[in-house]
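# Fold and contact review
What follows is each chain in one-letter form.
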Amino acid sequence: MKKIYAVLVVCFTLTLSVSAQTYFWIGPSGGAGGNWNDNANWSLSSGGPAVGAGVFPNNAVHNVIFDQNALVNVNIENIDLLSITVTNSRTAKLFVGGAMTGPTINLFSTLLASPALKINTGSRLEDSCDTNIPFTIAFNNNAKGLVDGTWYFAGRNTVIGSNGATFTVPGITALTNRVDVNGTIQFRNNTVCPNPITGQDYLFFNSGSTFWLDRNQGNSPRATWDANSTILITGVTTLCPSINVGTVKEIGNLVFNCPGVSVANIGWSIGFPLTVKGNFQVLNTNNRTVILASNGSAFVNIFDYTVNGNFEVSGTNTRVAIANASNSSKVVNFQVNGDLNIGGSSFDLQISNNVVANPTTLKVKGNINHTAGTFGSSSNSVNTTTDLFVVELNGTSNQNISSTGTINNANDELTLLLNNPAGATLTTPITVGKLSFNSAGKGKLTTTTANVLTINNTGVHSLVVNSPSPTGFVNGPVRRRTASTSDYTMPTGKGSIYDPVIMRPSAATTSIYQAEYFGVAFSDLTTISPINGVTNQEYWQVSTASGTDAAIIITLRAAVPGAIATDGIVVARYNGADWVDFSSGGTIIQPGNSTVGAARSTIATINGFYTFGYGIAGALPIRLLNFDARKISSGSAQVSWLISTNSNAEQFEVLKSADGRNFTAAGLVLAIDRQVNYSFTDNNLFTGTSYYRLKMVDKDGKISYSQIVAVMNGAKGILLTSMIPTIVSSSATLTISSSEKGTMQLMVTDMYGRIVKQQLVSIGTGNQQVVLNLQSLASGAYQVTAVMNNSQVGTIRFLRQ
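Throughout what follows, the structure given in this document is the object of discussion. What you see is a predicted model, and the numbers here were worked out from it, not measured in a lab.

On to the pairing of strand 74 (residues 780-788), then. Here strand 71 (residues 742-750) pairs with strand 74 via 7 bridges, running antiparallel. When the sheet's bridge partners are listed, Asp750 is paired in strand 74 with Tyr782. In this structure, strand 74 lies alongside strand 75 (residues 791-800), joined through 9 bridges in antiparallel fashion. Its bridge partner lying in strand 75, Gln783 is registered against Arg797. What sits between the antiparallel neighbours strand 74 and strand 75 is a turn of 2 residues, in which Asn789 has the positive phi angle 55 degrees.

Turning our attention to the packing of aromatic side chains. Going through the model one piece at a time under the given rule, you end up with 38 aromatic pairs. An aromatic cluster of three or more residues is present, and its members are Phe139, Trp151, Phe153, Phe167, Phe187, Phe205, Phe211 and Trp225. It is Arg124 that lies over the ring of Tyr152; its NZ or CZ is 4.4 Å from the centre. Here the guanidinium or amino end of Arg178 rests over the ring plane of Phe204, the centre of that ring lying 3.7 Å away.

A few words on the state of the cysteines. Applying the stated rule across the entire model yields 0 disulfides. As a non-bridged cysteine, Cys193 has Cys129 as the owner of its nearest cysteine sulfur, 13 Å distant. Residue classification places Cys193 among the buried positions, given a relative accessible area of 8%. Cysteine Cys240 shares no disulfide, and the gap to the nearest cysteine sulfur, in Cys258, comes to 7.0 Å.

Our focus in this paragraph is the layout of surface pockets. Estimates place the volume of the largest pocket at around 2,100 Å³. Within the residue set of the lining of the largest pocket, elements represented by two or more residues are strand 57 (579-581), strand 60 (624-633), strand 68 (718-724), strand 70 (731-738) and strand 73 (766-773). Looking at the lining of the largest pocket residue by residue, the class counts come to 21 nonpolar, 21 polar and 6 charged.

Applying the stated criterion to the full structure yields 2 cavities of 30 Å³ or more. One number sums up the size of the largest cavity: a volume of about 50 Å³. Lining of the largest cavity is provided by Thr535, Gln537, Glu538, Leu556, Arg557, Ala558, Ala559, Val560 and Phe612. In terms of residue class, the lining of the largest cavity is built from 5 nonpolar, 2 polar and 2 charged. Roughly 30 Å³ of volume is contained in the second largest cavity. Ile270, Leu274, Val276, Phe280, Tyr305 and Phe334 together form the lining of the second largest cavity.

Quick look at the sheet that holds strand 48 (residues 488-490) now. Strand order in the open sheet formed by 4 strands is 48-51-55-58, and the pairing between neighbours is antiparallel. Unpaired on one side and paired on the other, strand 48 and strand 58 (598-600) mark the two borders of the sheet. Neighbour-to-neighbour, the strand axes of this sheet turn through a mean angle of 25 degrees, independent of strand direction. The pairing of strand 55 (residues 550-555) with strand 58 spans 3 bridges and is antiparallel. Directly across from Thr555, in strand 58, lies its bridge partner Ala598.

Judged by nonpolar contacts, the single largest core of 137 residues is most densely connected at Trp36, Phe66, Trp151, Trp268 and Phe280. For this core, the element with the most residues is strand 6 (residues 78-86), which contributes 4 residues. Beyond its immediate stretch of four places on either side in the chain, Phe66 contacts Trp25, Trp36, Trp42, Val72, Ile84, Thr85, Val86, Thr87, Ala92 and Leu94. Core analysis: the next-biggest nonpolar cluster, separate from the first, contains 23 residues, Met744, Val761, Ile763 and Val793 among them.

Turning our attention to the pattern of salt bridges. In total, this model carries 15 salt bridges according to the counting rule given. A salt bridge links Arg557 to Asp499, with the nearest nitrogen and oxygen atoms 2.9 Å apart. In this pair, Arg557 sits in the loop between strand 55 and strand 56 (567-574) while Asp499 sits in the loop between strand 50 (497-498) and strand 51 (501-505), placing the two residues 58 residues apart along the sequence. Asp499 sits in the buried class, given a relative accessible area of 1%. When the shortest N-O distance is used, the salt bridge between Arg754 and Asp750 registers 2.9 Å. In this structure Asp750 comes out as buried when scored by relative accessible area, which is 12%. It is possible to trace a salt-bridge network through shared partners that takes in Asp387, Glu413 and Lys434.

Rules behind the numbers
- Residues numbered from 1 in each chain as written.
- Predicted model: local features only at pLDDT ≥ 70, side-chain atom pairs only at ≥ 80, totals over all residues.
- Heavy atoms only, no water.
- Pairing = 2+ DSSP bridges.
- Helix = DSSP H or I, 4+ residues; strand = E, 2+ residues; numbered from the N terminus.
- Phe/Tyr/Trp six-rings, centres within 6.5 Å; stacked < 30°, edge-to-face > 60°.
- Lys NZ or Arg CZ within 6 Å of the ring centre and 35° of its normal.
- Disulfide = S-S within 2.5 Å.
- Buried < 20%, exposed > 50% of the residue type's maximum accessible area, 1.4 Å probe, protein only.
- 1 Å grid on protein atoms, 1.4 Å probe; cavity = no way out; pocket = protein on both sides within 12 Å on 5 of 7 lines; lining within 4 Å.
- Points joined across faces, edges and corners; volume = space filled by probe spheres on them.
- Nonpolar A, V, L, I, M, F, W, Y, C, P; charged D, E, K, R; others polar.
- Axes fitted to C-alpha atoms, helices over the stretch in contact; angles between N-to-C directions.
- Core = buried A, V, L, I, M, F, W, Y, C linked by side-chain atoms within 4.5 Å.
- Contact = heavy atoms within 4.5 Å.
- Salt bridge = Lys/Arg side-chain N within 4 Å of Asp/Glu carboxyl O.

Function cannot be read off these values alone, since they describe shape.
So, in structure tokens, the structure goes:
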């Protein structure tokens, strides 16, 4: 039986070789074209005479060659051919008129050397039909194809419905069909894009090939795609095409360039999971937003996309959103293994305003280059327990980040996540919402003074600066925006040391602070008493970029070299020549040989260098934070004051005067260990004005005095009671006592009586303090005069050193 079968196969092959006949088109290339079944249009040789009457190609052993331009009316319902070849850089146009119901050209050759379809380099085959009918070129079982040139599908006129020109391969598995594409297959409107079930087994888009969807909607075929093949999408107006991935779920390059898009927020049904083995480019969306992962099925939880090459958004009219996934089950992961190049008008991770806890994560292994438009998320969703919009750096070598300024959104919810042990470097200044090191890889973000990172979210929850550590911090200056009096961590470090500084703003005013850590000794370690020394291991440079005064908090990592148990450790500030105590109103670490603890500074305009200083704990002076007096009845007044927690107070003597010059003791108050609030009641209030001053004695016998305050009893008026200091380096504090409210004009004049500075202040009843910024004055003698209600209140002289 096997012998008989072998003989039959040989006989059939011989029959084909004997019967095979090649036909060359010699018919028209323009006008109305020529009919397929007209023998005058065919020859048995290239450019030769026409075949006999009634003869034309229509048999499974017939080959057709187009070696000259051709316009052919396929006017037969079913045509069987061994092969079709387009060669000699010519164009063959096959069209179907309105009288047909659905012609098919069936191709049978199973030989790779002589494929059923062959379009040579530079040659072009065009298939089209007039009306709503199918026109198909079908590859028979095991047939082969080779497209080195262009295979073009179009509707000659408007085709309505799902019919049109197309090609098919068998939907049967385990066949040997193979169609290799090295050139271009292009589908225009009014065509039917192929979608073979087993296409990835039979269609091969090789390096340099293109599947071109120059039409609205449509789809790509399931195929095997080389990394350097391309799906090019250019004709979308209202509906994006489907990218069919089959079981392999990989394509080559993907390019979207559609200047005719007319629908806002147009969803793209890209299959997932999907790997783009090459580059992914979005070049033009006509200023409409194209959404790569729209909401999809309620049963699908994760959208996963990977781009092995670069992901590019460019062009002045391009808008892209990764996700519009509002269901709580929708999680979107978009991995870019090459560079992320963002231009265009806008690029959003997420545009849904109903995001609950479903994050959209853009992961990048290469560099980030943001050159134009906005880069962030237009979603207004906010979450304090889940990062909703994440740009994750997960490369294996250092990654560079450049931007036009902001990778963020209006609610400061976009998170920059470091997940790369090799770290990342800013090559431009960048603002983000939040900064996270909550990953397995962590990594250090390197910044410079010119290229600083700003953390813009003013929240104090743990997601704003998440999980910094010795393997994940900002290596260089970092800025942080604040809007409360809470503590704000600046995640600073150097080398293998993470050592943050904490900012505690004095008011809820929107402010921006900048900090950088240096894990070495400062160049000058000289000190002024009561500071005996400073650490030679580290210091911070901290400044107020804008906003209110603040205190800084620094935390010990180890014992301060040189400090002993009887010392106290405080925040020290470099004044340009020496390190000085900067702990008034702050906190001190005791004992001095502590290895843990935090020191808080005084509240001031932060600008300069700061580190740990130490001195004999008992030598640290009394720090008076507030001193006031107020009338509580017609015959009595209450004097109150506040000192810092690290003050070394022994006792306080309340002094009283009727003229503001000659003071006598009114009472004595003993200091109590760790108590900071004190008061004294004077039951002998003068009629008229009583002046009060505090004499402070510390445990070492050192004496210091407070400013003067006044209480007016049965008298009306306004007094300048004191100015501290009167030898001024940058600023001074005026104490003003008033029995009425109003606006006061303060005028600073030089020795020639010229006004060099003016300031208007609002005055209330009682004692108040006004800070004068005198830093801009030249050295010399001056006086400040107060005027209120068109009357001069008083004058105080001072020196600007």
